[in-house]
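# Chains, contacts and geometry: an overview
Okay, here's what each chain looks like letter by letter:
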Amino acid sequence: MAVLRALSVALIAFFLLEPMLRMLVREVRRPVVALLHDGSASLRFAGDTAALRSAYPEALRAMQERLGKEYDVRAFTYGSALGDGLRFEQDASTTDLSYALREMQDRFGGPDLAAVVVDGDGIMNRGRDPRLDAERLGVPIHTIALGDTTVRPDLLVKAVDHNRMCFVGNEFPVRARIAARHLKGQRARVHLKLGDRIIATQELTLDSEPFLREVAFSAKAEKPGTLRYTVQAVPLDAEQSVVNNAQDFFIEALDARQRILLLAAAPHPDLGAMRSALSGMEGYAVELAYAGAFAGAADEFDLIVLHQLPGGKADISGFLERARAKAVPVLYVLGQSTSFEAYNAQFAGVRVSGARQAITDAQAAVDGAFPYYTVEADVAHALERYPPLQVPFAQYELGRAASALAWQRVGAVRADAPLIAVAQQEGLRSATICGEGLWRWRMADHQMHGSFERFDRFITKLVQFLAIKADKKRFRVEGPAVVAADEAVVFTAELYDAAYERVNDAEAGITLKDDEGKEYPFAFAPTGDGYRVSAGALPAGRYAWSAVAMLKGERFAAQGELHVRALIAEQMSTVADHALLADLAARSNGILRGPKELDAIAAAIESGGGVARSYVQPRFTDLIEARWIFLIILVLLAAEWVLRRRNGAY
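Scope of this entry: the structure provided in the associated data block. (Residues numbered from 1 in each chain as written. Predicted model: local features only at pLDDT ≥ 70, side-chain atom pairs only at ≥ 80, totals over all residues. Heavy atoms only, no water.)

### Observations regarding the overall build of the protein chain
So the rule is basically this: Runs of H or I in DSSP of at least four residues are treated as helices and runs of E of at least two as strands, each being numbered from the N terminus. What the globule rule says is 2.2 Å times the number of residues to the power 0.38, and the radius of gyration is computed from C-alpha atoms. Only protein chains enter the area calculation, which uses a 1.4 Å probe; residues under 20% of their type maximum are buried, those over 50% are exposed, and those in between are partly exposed. When checking whether two residues touch, look at their non-hydrogen atoms; a contact exists if any pair is within 4.5 Å. All accessible areas in this document rest on Shrake-Rupley with a 1.4 Å probe, and a residue is counted as covered only by the protein chains that are shown. In this tally, Asp and Glu contribute negative charge and Lys and Arg positive charge; neither His nor the terminal groups of the chain are included. Charge coordinates come from a single atom per side chain, which is NZ of Lys, CZ of Arg, CG of Asp or CD of Glu.
Counting its regular elements, the protein chain contains 15 helices and 37 strands. For the protein chain, the C-alpha radius of gyration of 37 Å lies well beyond 26 Å, the compact-globule estimate for 650 residues. Oriented by its inertia axes, the alpha-carbon framework of the protein chain measures out at about 115 × 100 × 60 Å. In the protein chain, which comprises 650 residues, the proportion classed as buried is 44%. A separation of at least 24 residues holds for 73% of the contacts in the protein chain among residues at least 6 apart in sequence. When the accessible area of the protein chain is evaluated, it comes to approximately 33,200 Å², of which 50% is carbon and sulfur surface. Side-chain charges in the protein chain split into 74 positive and 81 negative, and the spacing between the mean points of these groups amounts to 3 Å.

Given below as structure tokens:
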């Protein structure tokens, strides 16, 4: 009995020391065969669709079962994305084979992958050329040719080029590429439509085979908002499919440009440099004037740039008072002609004192902690390498409501004086460039980099920040203006209380209504300090949406419009491209076969090798986890207890 107890206690004490057990684990992996089925909708519009829905799925699954005896067969369906398993609904709106092959490389790339089997019609309308991705796999790719290669008479709108936005009342160009097959000698009409109204028409003679020509239109935006235009090729009698005869596109029509005034005391090359930089900004109109002859009103503009003003002989004090009263942002460019007393009275963020009739050459030292927006690294580097500005000799002090975008640097020493400063107080924005010579910066940019891009980005970003109109609405809803029919429609919202602090504890909802009057109501869900809702994928068409929020009995509303664009990519071309499938197979030592020759593909894979691989790797585990050890200790303790009971030791 003493021996039994000693053994039990010794074993328990030993295993409390947590001894480890090293084991060699052997894993056998069968070679992998990836089976990729084309789930795109183009297969429904051509070829033997009855066989595709009945006989072919059974044959493909039979091949999968045959290969599954020796291989690990992984089946997928590709189209807009890659899904697990074989699906024969043929409802994918686009085809991206390159993405599917990249996924095979990421998931199975290596010695375990034996072969890839791809079926389809070879029609690709999304992604890049799949040949490069096929070569990277490094295994045979066997292809199954589906679809129909018969070329039928067809007239189609191949592509439409257009502006993304324009301004109300302005004309914009539209270029459409019209293609035709097997229709030589016939005449065709092409319409440009706004909604359902025809606004322009052109006639074409289909004088070649195949036919491809660009047709140019000019249209005018008649009202603000998102406008739906259509380029339509009128169907001909010989056509068998007219789905690809029209393409919709959308233009965002803005109701007004933002106006920028360059007002100067006298002609100066800085004005040309700034005007050239701003001329490329979409949505902005730039006007140059001189103070002595200018009679316009300050509130007619969204931003005023004053070059060496206030100062000189012209008195613009009344103009500046009007600009301040209407909260028009102002950018000051200081020079020797500037009246610093009048400038200081504007509280523009920089105070100038002790000015003398002299100048200082100062380069820029960009402040990395500038808070209002990000200055790109290449722009910051360029600013610091530009030649110095001519800064009037004076003392420059940065105001409390201002931040320095760049400081003055004289030689290698950074002075405690701003060179470029931005101020924002009481809803009014202003900026100051404390020297003249910006034209030298623009010329230096071209000399150093071969373009004016960095200088132009510096000016446009500063102007965009100053001229942006603050949104004072307490309920803001943002959503897409145009989405594709296979994309989820997501709206985000922000709600502000009376103190203009963001809240999300109030109820908020949004309702979408289509042209037939059917409503789709959704409730916003709080996320972070705002709201978010996903309406999922919606049928193609036009929707008007209205959002409502209730905060402490006060009602807030927002409205907008959404266009869901129909997907016709799979119907644009239904002529199978078996040459692509043959090329993929030839490049990878695979074979191309038809849907009734799947046994040949299975035989090629079986004869191509691919053996199971055995992997051995060590694994450590706690010895105490072994159950037989617990049984030994239990038997020893039970034996001692039985002996003591038998001998009457208790």
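Still more ground to cover, so stick around.
### Concerning the nonpolar core
For clarity, the cut-off: We call a set of buried Ala, Val, Leu, Ile, Met, Phe, Trp, Tyr and Cys residues a nonpolar core when their side-chain atoms join them within 4.5 Å.
Within the largest apolar cluster, 70 residues are counted, with the highest numbers of intra-cluster contacts made by Ile304, Leu306, Phe319, Tyr396, Trp441, Phe455 and Phe458. With eight residues, the top contributor of residues to this core is helix α11 (residues 453–467). Excluding residues within four positions of it along the chain, phenylalanine 319 makes contact with Leu261, Leu263, Phe294, Gly296, Ala297, Ala298 and Ile304. In this structure, Val157, Phe172, Val174 and Val190 belong to the second largest nonpolar core, which totals 30 residues.

### Focus: empty space enclosed by the protein
Applicable threshold: We place a 1 Å grid over just the protein atoms. Points where a 1.4 Å probe fits but has no way out form a cavity, open points with protein on both sides within 12 Å along at least 5 of 7 lines form a pocket, and any residue with an atom within 4 Å of a point lines it. Grid points are joined across faces, edges and corners, and a volume is the space filled by probe spheres set on the points. Throughout, the ten residues Ala, Val, Leu, Ile, Met, Phe, Trp, Tyr, Cys and Pro are labelled nonpolar, Asp, Glu, Lys and Arg are labelled charged, and all others, Gly among them, are labelled polar.
According to the stated counting rule, one finds one cavity of 30 Å³ or more in the structure shown. In this model, the largest cavity occupies a volume close to 50 Å³. Every element with two or more residues in the lining of the largest cavity is listed here: α9 (377–385) and α11. Looking at side-chain class alone, the lining of the largest cavity contains five nonpolar, one polar and three charged residues.

### What to know about the side chain of threonine 230
Threshold: Two N or O atoms form a polar contact when they lie within 3.5 Å of each other; inside protein one atom must be a possible hydrogen donor and the other a possible acceptor, and for residues adjacent in sequence the pair counts only when both atoms belong to side chains.
By the secondary structure assignment, threonine 230 is in strand β13 (residues 225–233). A polar contact of 2.6 Å, which involves the side chain of threonine 230, links it to the side chain of aspartate 248. The contact partners of threonine 230, leaving out residues within four places of it in the chain, are His191, Leu192, Lys193, Gly195, Ala246, Gln247, Asp248 and Phe249.

### Considering the environment of alanine 600
Among the structural elements, alanine 600 can be located in helix α14 (residues 598–607). A C-alpha to C-alpha distance of 10.0 Å links alanine 600 and methionine 63, two positions 537 residues apart in sequence. Excluding residues within four positions of it along the chain, alanine 600 makes contact with Ile591 and Arg593.

### Concerning the packing of helix α6 (residues 269–279) against helix α10 (residues 438–449)
What counts is decided by this rule: Working convention: axes come from line fits to C-alpha atoms, limited for helices to the stretch in contact. Angles between N-to-C directions cover 0 to 180 degrees. Reported orientations rely on four angle classes, namely roughly parallel under 35 degrees, roughly antiparallel over 145, roughly perpendicular from 65 to 115, and oblique for the rest.
The interhelical angle for the contact between α6 and α10, taken along N-to-C directions, is 55°, at an axis separation of 7 Å. In terms of orientation, α6 and α10 fall into the oblique class. Between α6 and α10, the contacting residues are Pro269, Asp270, Ala273, Met274, Ser276 and Ala277 on the first element and Leu438, Trp439 and Arg442 on the second. Looking at the contact of α6 with α10 residue by residue, the class counts come to six nonpolar, one polar and two charged.

### Brief notes about helix α15 (residues 627–647)
How we decide: Here the expected span of a helix is defined as 1.5 Å times the quantity of residues minus one. Taking the helix axis as origin, the arc is that swept by the directions to the C-beta atoms.
With 21 residues, α15 should reach 30 Å at 1.5 Å per residue; the first-to-last C-alpha distance of 31 Å fits that figure. Among the residues making up α15, those that are buried are Ile629, Ile633, Leu636 and Glu640. The buried residues of α15 all sit within an arc of 60° when viewed along its axis, so they share a single face. In α15, the exposed positions angled more than 90 degrees off the buried face are occupied by Arg627, Trp628, Phe630, Val635, Arg645 and Arg646. The inward-facing, buried residues of α15 contact α1 (2–16).

### Digging into the pairing of strand β9 (residues 171–181)
Here is the rule we go by: Pairs of strands are assigned from DSSP output, requiring at least two bridges between the strands.
Two strands pair when backbone bridges link them, and strand β7 (residues 154–162) and β9 are joined in this way by eight bridges, in the antiparallel orientation. Its bridge partner lying in β9, leucine 155 is registered against alanine 180. Strand direction decides the pairing type here: β9 and strand β12 (residues 211–220), joined by 10 bridges, are antiparallel. Looking across to β12, one finds that valine 174 is bridged to phenylalanine 217.

### Focus: the sheet that holds β13
On the basis of which strands lie adjacent, the open sheet formed by five strands has the order β8-β14-β13-β10-β11 and mixed pairing. In this open sheet, the two edge strands, each paired with only one partner strand, are β8 (165–167) and β11 (197–205). Neighbour-to-neighbour, the strand axes of the sheet open up by a mean angle of 25°, direction not taken into account. Here strand β10 (residues 187–194) runs beside β11; their pairing, made up of eight bridges, is antiparallel. Counterpart to lysine 193 in the pairing with β11 is isoleucine 198.

### Some details on the sheet that holds strand β34 (residues 541–551)
With respect to topology, five strands assemble into an open sheet ordered β27-β35-β34-β30-β31, the strand pairing being mixed. Only two strands of the sheet have a single partner each, and these edge strands are β27 (482–484) and β31 (519–523). Each neighbouring strand pair of the sheet contributes to a mean axis angle of 25°, computed without reference to strand direction. In the sheet, β27 pairs with strand β35 (residues 554–565) via three bridges, with the strands oriented parallel. If you follow valine 482 over to β35, its bridge partner there is histidine 563.

### A few points about the pattern of salt bridges
To be explicit about the condition: When a carboxyl oxygen of Asp or Glu is within 4 Å of a side-chain nitrogen of Lys or Arg, the pair counts as a salt bridge.
For the coordinates displayed, the defined rule picks out 37 salt bridges. Across the pair aspartate 161 and arginine 177 runs a salt bridge whose closest N-O atoms are separated by 3.0 Å. In this pair, aspartate 161 is assigned in strand β7 and arginine 177 in strand β9, connecting sequence segments 16 residues apart. The partner of arginine 228 in a salt bridge is aspartate 248, and the shortest N-O contact between them spans 4.0 Å.

### Considering the packing of α10 against α11
Across the interface, α10 lies against α11 with an axial gap of 7 Å and an inter-helix angle of 140°. Judged by the angle between their axes, α10 and α11 are oblique. Of α11, the residues touching α10 (which contributes Leu438, Trp441, Arg442, Asp445 and His449) are Glu453, Arg454, Phe455, Asp456 and Phe458. Of the residues assigned to the contact of α10 with α11, the class counts are four nonpolar, one polar and five charged.

### Details of unusual backbone geometry
Put simply, glutamate 209 and proline 210 share a cis peptide bond, and its omega is -5°. Mapped onto the elements, proline 210 comes out in the loop between β11 and β12. Despite not being glycine, lysine 552 shows a phi value in the positive range, around 55°. Considering the arrangement of structural elements, one finds lysine 552 in the loop between β34 and β35. Classification of lysine 552 by relative accessible area gives exposed; the value is 84%.

### Describing the packing of aromatic side chains
Between two aromatic rings, the relevant description is the distance of the centres plus the angle of the planes. Test applied: Only Phe, Tyr and Trp rings take part, Trp by its six-membered ring, and two of them pair if their centres are within 6.5 Å. Stacked means planes under 30 degrees apart, edge-to-face means over 60, and tilted covers everything else.
Taken as a whole and judged by the stated rule, the model has 17 aromatic pairs. Their ring planes at 80° and their centres at 5.6 Å tell us that phenylalanine 370 and tyrosine 372 sit as a pair that is edge-to-face. Relative accessible area serves as the criterion here: at 8%, phenylalanine 370 is assigned to the buried category. Using a relative accessible area of 25% as the deciding quantity, one classes tyrosine 372 as partly exposed. Centre to centre, the rings of tryptophan 441 and phenylalanine 458 are 6.0 Å apart; their planes meet at 55°, and the pair counts as tilted. Separated by 17 residues along the polypeptide, tryptophan 441 in helix α10 and phenylalanine 458 in helix α11 bring together distant segments of the chain. An identical accessibility class is assigned to tryptophan 441 and phenylalanine 458; each is buried.

Honestly, that's just the spatial picture; any functional story needs more than this.
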